[in-house]
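# Summary of the model geometry
Here's the letter readout for the chains.
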Amino acid sequence: MMRTRPLKVALLGCGVVGSEVARIMTTHADDLAARIGAPVELAGVAVRRPDKVREGIDPALITTDATALVKRGDLDVVVEVIGGIEPARTLITTAFEHGASVVSANKALLAQDGAALHAAAEEHGKDLYYEAAVAGAIPLIRPLRESLAGDKVNRVLGIVNGTTNFILDKMDSTGAGYQEALDEATALGYAEADPTADVEGFDAAAKAAILAGIAFHTRVRLDDVHREGMTEVTAADFASAKEMGCTIKLLAICERAEDGASVTARVHPAMIPLSHPLASVRGAYNAVFVESDASGRLMFYGPGAGGSPTASAVLGDLVAVARNRINGTTGPGESAYAALPVSPMGEVVTRYHISLDVADKPGVLAQVATVFAEHGVSIDTVRQQGKDGEASLVVVTHRASDAALGGTVEALRKLDTVRGVASIMRVEGE
Ligand SMILES: NC(=O)c1ccc[n+]([C@@H]2O[C@H](COP(=O)([O-])OP(=O)(O)OC[C@H]3O[C@@H](n4cnc5c(N)ncnc54)[C@H](O)[C@@H]3O)[C@@H](O)[C@H]2O)c1
Ligand SMILES: N[C@@H](CCO)C(=O)O
Ligand code: NA
C-alpha cells in the first residue's frame, strides 16, 4: 500500500552525478514511488554555485548551506555527491545525527574513513549505502555484501577506473597522446575533480580498499593498498605488450593468501593477454572478476563512470534505503569480523616482463640469467634485439614474489653490462 507522506531526500552536490540523480528522481518519480511504497520528494539541493542554471530543479530548493540542510531534522535520506574528504565527512555524520540515512558515491572518503562512518550510521540506527562508489553503474558492492554472503571470496580482480581505461584504450587503439585522451575523459565527466586521483591510481586504490574490505570481511584502508598509477606507461610498453600478444590495463587486485591467513590489495598497470576478457574492456567501461570457493569465477561488466551510469547506482541505493526506512529497519552494515592482516606488496606473487638495455657482448645473457637464478626468480622467456653494440633484452619470468623481483632488479642495475632497466611490468590474467 502506498504511504502518502513523502520521503524527503536532500542532495549534496549537483555536478556530473548529482544533476543526473536529480533528473532521474524527477522523471522517474512515479516508478520510484511505486517501487518504494511512498513518494520521494527532493527537499533541498546544496550547491557551491547557486547562480548556475539547473534545468528541472526548482530554484527554491537550492542552497549553498549544506550544513543547515542536513541539520533540518525532517530528512529521510541524504545523497552525498560532493566528493573529497571534507566537508563531505562532517556532512554525512551530521546527517546521521539528525535522523537521515545516507547514500554516497564517495570512494575516497569511504576508503579513508569507512569504519568510522559505518560506526556512526550504526550508532544512530541509519543506513550507509555506496554502490556508486565502486565501478559506477555495475552492481558490485551489493552482490559482494549480500549475494555472496554465504560464500568465501578468494580474489577480486579487474578494471575499476573508467578514466584510465579510457586513456589506455585510446593510446593503444588510436595512438592518441596521454594528455589529449585525459582531456577527453574529463570533458565526458569520467575524471575526478583532480584527475591525479585517476591517473596516479588513488581512485582505483580507494575502490580496491572498499572491495577488499567487503570481500574479505576485513578492514582495508587506502594506505593498505599498494598503488602505482599509469602515467609512466609509454607507447614502447604497448609495443612490447603487443609482441607478447598482450595489452596493458590498470588493474585492481585483491587476493586472499593461499593459506587464507592474510590478504593483499594492489593497483598497478599490468600486461594481460589479448585472449583475456579484460583485454576487450574498452573506453570508460569497467569489469571485475570475483572468484569464490563455491561460485567459481563471476564477471561483472558495465559502464564504470559518467553521470547517468553512476546516478543509476545512487538511485538503486536510494530505493533500498527508502524501503528500509518504511519498514523501520536497516540493511547490512560493516562486516569486518575476520580482521585478517593485510600483507605488504613484497609478498605478492606474480609474473614479470622486464626490459633491459645491455651491452651487446659475449657473456651478458649468462650474467643476467645468473642474477635471476641467485634471487630464485625463474625465467620463462628471453628475447634479445641488437642495436649498434647495445642490445635490448626482454625477460619474462615465471611466478615470483615482488620482493624477489625487486632484489633481482636492484642487482641487475649494479651490473656494468646493464645500462638501464627500461621497464618492469607485471603480467596478469594467465
Ligand atoms: N563522475 C563519475 O563518473 C563518478 C562515478 C562514480 C563516483 N563518482 C563520485 O561522485 C562524487 C561526485 O562526482 P562528480 O563527478 O559529480 O563531481 P563534480 O565535481 O561534477 O560534482 C561535485 C559538485 O559538488 C559541488 N560542491 C563542492 N563542494 C560543495 C559544498 N560544500 N556544498 C555543495 N556542493 C558542493 C561542486 O560545485 C560540484 O558541482 C565524487 O565522490 C566522485 O568520486 C563520480
Ligand atoms: N573517476 C572515476 C569515476 C568513477 O568512479 C573513474 O574514472 O572511474
Ligand atoms: Na557500482
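Worth saying up front: this structure is predicted, and the values here are computed from it rather than measured.

## Notes on the overall build of the chain
For the chain, the count of helices and strands is 14 helices and 17 strands. In summary, the chain has a C-alpha radius of gyration of 24 Å against a globular reference of 22 Å for 430 residues, a match within 12%. Taking all 430 residues of the chain together, the buried fraction comes to 53%. Contacts in the chain between residues far apart in sequence, at least 24 positions, make up 72% of those at least 6 positions apart. If you sum the accessible surface of the chain, you get close to 18,200 Å²; carbon and sulfur atoms cover 50% of it. Once the 40 positive and 55 negative side-chain charges of the chain are each reduced to a mean point, those two points are 3 Å apart.

## So, the nonpolar core
Counting 73 residues, the largest nonpolar core has Val-78, Ile-210 and Val-290 as the members making the most contacts within it. Take this core: its biggest share by element is 11 residues, from helix α10 (residues 202-216). Formed by 34 residues, the second largest nonpolar core is a distinct cluster that contains Leu-32, Ala-313, Val-314 and Leu-315.

## A short note on the side chain of Arg-54
Assignment of secondary structure puts Arg-54 in the loop between β2 (40-46) and β3 (62-63). Here Arg-54 sits buried without a salt bridge, and the closest side chain of opposite charge, Asp-51, lies 8.5 Å off (N-O distance). In terms of polar contacts, Arg-54 uses its side chain to reach the backbone carbonyl oxygen of Arg-49, at 2.6 Å. Ignoring any residue separated from it by four or fewer positions in sequence, one finds Arg-54 in contact with Cys-14, Val-47, Arg-49 and Ile-62.

## A short note on the coordination of the sodium ion (ligand 3)
For a metal with four donors in a tetrahedral arrangement, the ideal angle between donors is 109.5 degrees, while six donors in an octahedron ideally sit at 90 or 180 degrees. Those donors, Glu-131 (O), Glu-131 (OE), Val-134 (O), Gly-136 (O) and Ile-138 (O), are the protein atoms that reach the sodium ion (ligand 3), and they lie 2.4 to 2.7 Å from it. Spacing between the donor residues of the sodium ion (ligand 3) along their common chain follows E-x2-V-x1-G-x1-I. By relative accessible area, which is 7% here, Glu-131 ends up buried. For Gly-136, a relative accessible area of 3% corresponds to the buried category.

## Focus: the UniProt feature "domain: ACT" (unreviewed entry) in the chain
Feature annotation in UniProt places "domain: ACT" (unreviewed entry) on residues 353-426, given in this structure's numbering. Split by type, residues 353-426 is 32% helix and 47% strand. Its first and last C-alpha atoms lie 6 Å apart.

## Quick look at the sheet that holds strand β5 (residues 101-104)
On the basis of which strands lie adjacent, the open sheet formed by 6 strands has the order β3-β2-β1-β4-β5-β6 and parallel pairing. Edge strands, defined here as strands with exactly one partner in the open sheet, are β3 and β6 (128-129). Against the sheet, helix α4 (residues 88-97) makes contact with β1 (7-12), β4 (77-80), β5 and β6, and its axis sits at roughly 150 degrees relative to β5, the strand it touches most.

## Side note on the site of ligand 2
Near ligand 2 you find Lys-107, Asn-161, Gly-162, Thr-163, Tyr-190, Ala-191, Glu-192, Asp-198, Asp-203, Lys-207, Gly-304 and Ala-305, and these make up its full shell. Between Thr-163 and ligand 2, the recorded distance is 2.6 Å, taken from a side-chain N or O atom to an oxygen atom. Within the complex, the protein chains bury 94% of what would otherwise be the 250 Å² of accessible surface of ligand 2. Of all the secondary-structure elements, those providing two or more residues to the shell around ligand 2 are α7 (162-174) and α10. Its residues assigned to classes, the shell around ligand 2 shows 3 nonpolar, 4 polar and 5 charged.

## A closer look at the packing of aromatic side chains
Evaluation of the coordinates by the stated rule reveals 2 aromatic pairs. Measuring from centroid to centroid gives 5.3 Å for Tyr-285 and Tyr-301, while their planes differ by 25 degrees, and the two rings are stacked. Separated by 16 residues along the polypeptide, Tyr-285 in strand β11 (residues 285-292) and Tyr-301 in strand β12 (residues 296-303) bring together distant segments of the chain. In this arrangement the basic side chain of Arg-227 is found over the ring face of Phe-202, its NZ or CZ atom lying 3.8 Å from the centre. Directly above the ring of Phe-289 sits Arg-297, whose terminal nitrogen or CZ lies 5.0 Å from the centroid.

## Considerations on the UniProt feature "binding site: NADP(+)" (unreviewed entry) in the chain
Residues annotated in UniProt with the feature "binding site: NADP(+)" (unreviewed entry) correspond here to Leu-12, Gly-13, Cys-14, Gly-15, Val-16, Val-17, Gly-18 and Ser-19. Positionally, Leu-12 belongs in strand β1. Not counting residues within four places of it along the chain, the set of residues in contact with Leu-12 comprises Ala-46, Ala-66, Leu-69, Val-70, Val-78, Val-79, Glu-80, Val-81, Ile-82 and Leu-91. Locating Gly-13 in the fold gives a position in the loop between β1 and α1 (16-27). Ignoring anything within four residues of it in the chain, the contact list for Gly-13 reads Gly-18, Ala-46, Val-81 and Ile-82.

## A word on the site of ligand 1
Close to ligand 1 lie 21 residues, the nearest being Val-16, Val-17, Lys-107, Glu-192 and Gly-306. Contact distances for ligand 1 include 3.4 Å between an oxygen atom and a side-chain N or O atom of Arg-48. With respect to ligand 1, the backbone of Gly-189 contributes an N or O atom lying 3.0 Å from a nitrogen atom. In isolation ligand 1 has 820 Å² of accessible area, and contact with the protein removes 86% of it. Within the shell around ligand 1, the residues separate by chemical class into 10 nonpolar, 7 polar and 4 charged.

## Some details on the pairing of strand β10 (residues 263-273)
Here β10 lies mainly inside the structure; 11 of its 11 residues are buried. Of the two faces of β10, the one lined by Val-263, Ala-265, Val-267, Pro-269, Met-271 and Pro-273 and the one lined by Thr-264, Arg-266, His-268, Ala-270 and Ile-272 are each fully buried. In this structure, strand β8 (residues 226-227) lies alongside β10, joined through 2 bridges in parallel fashion. Looking across to β10, one finds that Arg-227 is bridged to Val-267. One ladder, built from 11 bridges, connects strand β9 (residues 246-256) with β10; its direction is antiparallel. Its bridge partner being in β10, Leu-251 is matched across the sheet by His-268.

The rules behind each value
Counting starts from 1 at the beginning of each chain's written sequence and moves along it residue by residue. In the order they appear in the text, chains get letters beginning with A and ligands get numbers beginning with 1. This being a predicted model, a pLDDT of at least 70 is required before a residue's local features are given, and a value of 80 or more before pairs of side-chain atoms are given or counted; all residues contribute to the totals for chains, interfaces and linings. With hydrogens and water excluded, all non-hydrogen atoms of the structure serve as input to the side-chain values. To qualify as a helix, a DSSP run of H or I must reach at least 4 residues; to qualify as a strand, a run of E must reach at least 2; elements of each kind are numbered from the N terminus. Using C-alpha atoms as the atom set, the radius of gyration is obtained and then compared with a globule rule of 2.2 Å times the number of residues to the power 0.38. A 1.4 Å probe rolled over the protein chains alone gives each residue an accessible area, and that area as a share of the maximum for its type sets the label: buried under 20%, exposed over 50%, partly exposed in between. Every residue pair with non-hydrogen atoms within 4.5 Å of one another is taken to be in contact. Where accessible areas are quoted, they stem from the Shrake-Rupley method and a 1.4 Å probe; at the residue level, only the protein chains shown are allowed to cover. For the purpose of charge, His is not counted, nor are the chain termini; Lys and Arg are scored as positive and Asp and Glu as negative. Note on charges: their place is set at NZ of Lys, CZ of Arg, CG of Asp or CD of Glu. The term nonpolar core refers to a set of buried residues drawn from Ala, Val, Leu, Ile, Met, Phe, Trp, Tyr and Cys, joined through side-chain atoms within 4.5 Å. The salt bridge definition used is simple: a Lys or Arg side-chain nitrogen within 4 Å of an Asp or Glu carboxyl oxygen. Throughout this description, a polar contact denotes any pair of N or O atoms lying within 3.5 Å of each other; where both atoms belong to protein, one of them has to be capable of donating a hydrogen while the other can accept it, and for residues adjacent in sequence the pair is counted only when both atoms sit in side chains. Any N, O or S atom lying within 2.8 Å of the metal counts as a donor, with the limit raised to 3.2 Å for Na, K and Ca; because water is left out of the atom set, some sites can appear incomplete. UniProt positions are given in the numbering used here, feature names are shortened, and annotations may be inferred rather than shown by experiment. Two strands are counted as paired when DSSP detects at least two bridges linking them. The axes used here are C-alpha line fits, helices contributing only the stretch in contact, and every angle between their N-to-C directions lies in the interval 0 to 180 degrees. We call a residue near a molecule or strand when any one of its heavy atoms sits within 4 Å of it. Following the grouping adopted for this structure description, the nonpolar residues are Ala, Val, Leu, Ile, Met, Phe, Trp, Tyr, Cys and Pro, the charged ones are Asp, Glu, Lys and Arg, and the polar ones are all others, Gly among them. Ring geometry is summarised as follows: Phe, Tyr and Trp rings, the Trp one being its six-membered ring, pair when their centres sit within 6.5 Å, and such pairs are stacked at plane angles under 30 degrees, edge-to-face over 60 and tilted between the two. Our definition puts a charge over a ring when NZ of Lys or CZ of Arg is within 6 Å of the ring centre and also within 35 degrees of the ring normal.

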